[in-house]
Amino acid sequence: MNYADLFRITLSETALEVAALVVLVVDLGFLRKAQVKTRIFVASLLGVLGCGAALLVLPMQPMGGLAGPGGDLLLSAGGYSAIAQVGILALTVMTLFLFIDSEFTRHAGEYVAVVLMAAAGGLLISSAQDLLVIFVGLELLSLGLYILAAFAKKSGKSAEGALKYYLYGGMSAAFLLFGFSYLYGLAGSTNLHRIMLATYGTNAPGTSPLLYVALVMIAAGLGFKVAAVPFHMWAPDAYEGSPAPSAAFIASVSKVASFALLIGIGTAAAHVLDHAQQVMEFTSSGPLPKYLGFRSTWSLIVVLLAVASMVLGNLAALAQVSVRRLLAYSAIAHAGYMLLALAYFSHSAMSANAIQYYILTYGITIIGAFGAVGIVERVAGSDRLDAFLGLSQRNPVLASELLVLFLSLAGIPPLVGFWAKFNLFVAVLKTDRGVVPLALVALAVAMSAVSLYYYLQVLKRVYVMPAADKTPIRASHITMITLQLITAAVVVLGCFPELLQRWIAGF
């Protein structure tokens, strides 16, 4: 490894960091006395151009990734990491377009710069194959998200949500680093593949009690990043208090990066476990030991997180009167569905592709949902359910967009959310055809039916209940066009799901 190789593998991250610097120089150096609207527009446009540059240089990454001095892989290239990186850049662009119509801050350059730097952290996480690189990427992303959550300085809810996010985030980082240190002590390496070989390979000395402690600590740290129960306490307050573009960014980009990391861990574990199983059968040593029917303790831990997230997320959403909090608990439930597929992860590309399809389509949909909620909230002054009364009369286009996005989140065909859940559940059942995975998929389907009820509670106020105020709700043309394109993507990808499936399978 040399610095030239390191630069080539991180060209996209470098492009985002350079764009962040340019945004700050232009905004603070040349547009400091310009109107806030102009500064926001220029900063957002420069940020979009930076994301475009990062997309253009993404194919220039060296094949095979970047190896460290000992030959161990530090950063991967291509495959699931490239899919996640493209998704992160696309979702960042959507977030910046939604920011153009915002009024919550005068610090346009700083906001866009933090968005770009957080996105760079997401790109780093998506390709990380080493514990130290993973931790650096997670902290770069997380610090940016804490700042974005607190950017509405005049809002008490923003300060409260950001503080809770920061405190829980610091605690989760400590748990994660503690677990990583145990893994390093057990394996003698920080490389993911070497750790899997040392703990689950055929030559592993046996399961150490410290491994269980490490796995629980790591599950706590990563569970916070994806808002899995019981590490979800920050999510409702952060989603409710954050500015709408920030909430959309937290709900989409951070999830894509975190699940790309979990896919990397699952891929390494699946290959090692399957190889060990083949060796055991070949040498007549018998099958690998199972834990309550699961191939590893990690799978068992992830299933427990998945079940808790699906059940609590959907049931708690039923009691919400704030649409933002409703979307937060919905996000917890969606994390549970994806964790279920991670627990039954296949060594083939089937599971990884299904999770990638789900998280990308969910990211697109949730950004559109927060964009629509943000428009209503800005006019009505509230995100409570009653603020959406008669929206179909006040802005029919926005109401139709909300209808499509919420039904897609509920998994109603032929929208893309249906195919995302279908692919995910099929991947689980194809990986393991036992009674337990079948029961878990049945539970996930039942919880999806529950989610339809609380999404319809919002749509009932949009279309059925009369409006208390019939004043038209208006938004900028850029915001409405962005939401229309997102809605069109949800419909088109639902009617032609093979478009995205073929694109994912091609990496």
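Structure's up top.
Residues numbered from 1 in each chain as written. Predicted model: local features only at pLDDT ≥ 70, side-chain atom pairs only at ≥ 80, totals over all residues. Heavy atoms only, no water.

Asks: Looking at this structure, I do not really get the overall build of the protein. What am I missing?
Replies: In terms of regular secondary structure, the protein is built from 20 helices and 2 strands. Against the globule reference of 23 Å for 507 residues, the protein gives a C-alpha radius of gyration of 22 Å, in line with a compact fold. For the protein, the spread of C-alpha atoms along the principal axes amounts to about 75 × 50 × 40 Å. Counting the 507 residues in the protein, one finds 58% classified as buried. At a minimum sequence separation of 6, the contacts of the protein that also span at least 24 residues come to 79%. Surface accessibility of the protein: about 19,900 Å² in total, with carbon and sulfur atoms responsible for 69%. Taken together, the 28 basic and 22 acidic charged side chains of the protein have centroids lying 6 Å from each other. (Helix = DSSP H or I, 4+ residues; strand = E, 2+ residues; numbered from the N terminus. Rg over C-alpha atoms; globule rule 2.2 N^0.38 Å. Buried < 20%, exposed > 50% of the residue type's maximum accessible area, 1.4 Å probe, protein only. Contact = heavy atoms within 4.5 Å. Areas by Shrake-Rupley, 256 points an atom, 1.4 Å probe, with all protein chains shown as cover. Lys, Arg positive; Asp, Glu negative; His and termini not counted. Charge placed at Lys NZ, Arg CZ, Asp CG, Glu CD.)

Asks: How should the layout of surface pockets be read in this particular structure?
Replies: Regions of empty space are outlined by a rolling probe, equal in size to a water molecule, passed over the atoms. Taken as a whole, the largest pocket spans an internal volume of roughly 570 Å³. Surrounding the largest pocket, 27 residues form its lining, Phe 104, Pro 243, Ala 244, Arg 324 and Glu 377 being those nearest its centre. At the level of elements, α10 (234-241), α11 (244-282) and α14 (349-380) are the ones that each hand at least two residues to the lining of the largest pocket. The greatest single-element share of the lining of the largest pocket, amounting to 6 residues, is contributed by α14. Split by residue class, the lining of the largest pocket holds 8 nonpolar, 9 polar and 10 charged. (1 Å grid on protein atoms, 1.4 Å probe; cavity = no way out; pocket = protein on both sides within 12 Å on 5 of 7 lines; lining within 4 Å. Points joined across faces, edges and corners; volume = space filled by probe spheres on them. Nonpolar A, V, L, I, M, F, W, Y, C, P; charged D, E, K, R; others polar.)

Asks: Sorry if this is basic, but what is going on with the pattern of salt bridges here?
Replies: Charged atoms that come close allow side chains of opposite charge to pair. What the rule picks out here adds up to 11 salt bridges. A salt bridge links Glu 377 to Arg 324; the nearest nitrogen and oxygen atoms lie 2.9 Å apart. Of this pair, Glu 377 sits in helix α14 while Arg 324 is found in helix α13 (residues 323-343), placing the two residues 53 residues apart along the sequence. According to the relative accessible area criterion, Arg 324 is buried, its value standing at 3%. Between Asp 386 and Arg 461 there is a salt bridge whose closest N-O contact spans 3.8 Å. Taken as a pair, Asp 386 in the loop between α14 and α15 (391-394) and Arg 461 in helix α18 (residues 435-463) lie far apart in primary sequence, 75 residues in all. In this structure Asp 386 comes out as exposed when scored by relative accessible area, which is 53%. Using a relative accessible area of 13% as the deciding quantity, one classes Arg 461 as buried. Three or more residues joined by partner-sharing salt bridges are found here, namely Lys 157, Glu 160, Lys 164, Asp 237, Glu 240 and Arg 325. (Salt bridge = Lys/Arg side-chain N within 4 Å of Asp/Glu carboxyl O.)

Asks: I tried to follow the packing of aromatic side chains on my own but got confused; where do I start?
Replies: The description of an aromatic ring pair rests on the distance of the ring centres and on the angle between the ring planes. For the structure on display, the rule yields 18 aromatic pairs. With 5.4 Å between their ring centres and 70 degrees between their planes, Phe 104 and Tyr 111 make a pair best called edge-to-face. Residue Phe 104 is classed as partly exposed on the basis of its relative accessible area of 22%. Ring geometry for Phe 224 versus Trp 234: centroids 5.2 Å apart, planes at 50 degrees, classification tilted. Highlighted residues: Phe 224 in helix α9 (residues 209-225) and Trp 234 in helix α10, separated in sequence by 10 residues. Neither residue differs from the other here; Phe 224 and Trp 234 are each classed as buried. (Phe/Tyr/Trp six-rings, centres within 6.5 Å; stacked < 30°, edge-to-face > 60°.)

Asks: When you look at the nonpolar core in this model, what are you seeing that I'm missing?
Replies: The nonpolar side chains of a soluble globular protein tend to be buried, and buried together. One finds Tyr 239, Phe 259, Leu 327, Phe 388 and Phe 406 to be the most contacted residues of the largest nonpolar core, which totals 169 residues. Ranked by residue count, the leading element in this core is α14, at 17 residues. (Core = buried A, V, L, I, M, F, W, Y, C linked by side-chain atoms within 4.5 Å.)

Asks: Explain empty space enclosed by the protein to me, please; I cannot follow it from the model alone.
Replies: Per the stated rule, a full pass over the model turns up 4 cavities of 30 Å³ or more. Along its surface, the largest cavity is lined by 13 residues, and Leu 262, Trp 298, Val 302, Leu 339 and Leu 342 are the ones closest to its centre. Elements with a minimum of two residues in the lining of the largest cavity: α9, α11, α12 (297-317) and α13. When its residues are assigned to classes, the lining of the largest cavity shows 11 nonpolar, 2 polar and no charged.

Asks: Even after reading the chapter, I still don't get the environment of Ala 219, so can you show me in this structure?
Replies: For Ala 219, the location among the structural elements is in helix α9. With residues near it in sequence (within four places) discarded, Ala 219 still touches Phe 231, Trp 298, Ile 301 and Leu 305.

Asks: Help me understand the packing of α12 against α13 in this model?
Replies: If you want to describe how two helices pack, look at the angle between their axes and the distance between the axes. Running from N to C, α12 and α13 cross one another at 155 degrees; their axes reach a closest spacing of 7 Å. It follows from the interaxial angle that α12 and α13 lie roughly antiparallel. Viewed along their axes, α12 and α13 form a crossing whose handedness is left-handed. Residues Ser 299, Val 302, Val 303, Leu 305, Ala 306, Ser 309, Met 310, Leu 312, Gly 313, Asn 314, Ala 316 and Ala 317 of α12 touch α13, and the partners they reach there are Leu 326, Tyr 329, Ile 332, Ala 333, Gly 336, Tyr 337, Leu 339, Leu 340, Leu 342 and Ala 343. Each residue belonging to the contact of α12 with α13 can be placed in one class, and the counts come to 17 nonpolar, 5 polar and no charged. (Axes fitted to C-alpha atoms, helices over the stretch in contact; angles between N-to-C directions. Parallel < 35°, antiparallel > 145°, perpendicular 65-115°, else oblique. Left-handed = near helix turned anticlockwise from the far one by under 90°.)

Asks: Could you clarify how one ought to interpret the environment of Leu 403 in this entry?
Replies: The residue Leu 403 is located in helix α16 (residues 396-410) in this model. With residues up to four places along the chain from it excluded, the contact list for Leu 403 reads Leu 459 and Tyr 463.

Asks: Just checking my understanding: could you explain unusual backbone geometry for this structure?
Replies: With the exception of glycine, the majority of residues adopt a negative phi angle, and the majority of peptide bonds are in the trans configuration. Here the residue pair Val 229 and Pro 230 is connected by a cis peptide bond, since its omega of 10 degrees sits within 30 degrees of zero. Of note, the amide linkage connecting Pro 413 to Pro 414 takes the cis form, showing an omega dihedral of 5 degrees. Here Pro 414 lies in the loop between α16 and α17 (416-431).

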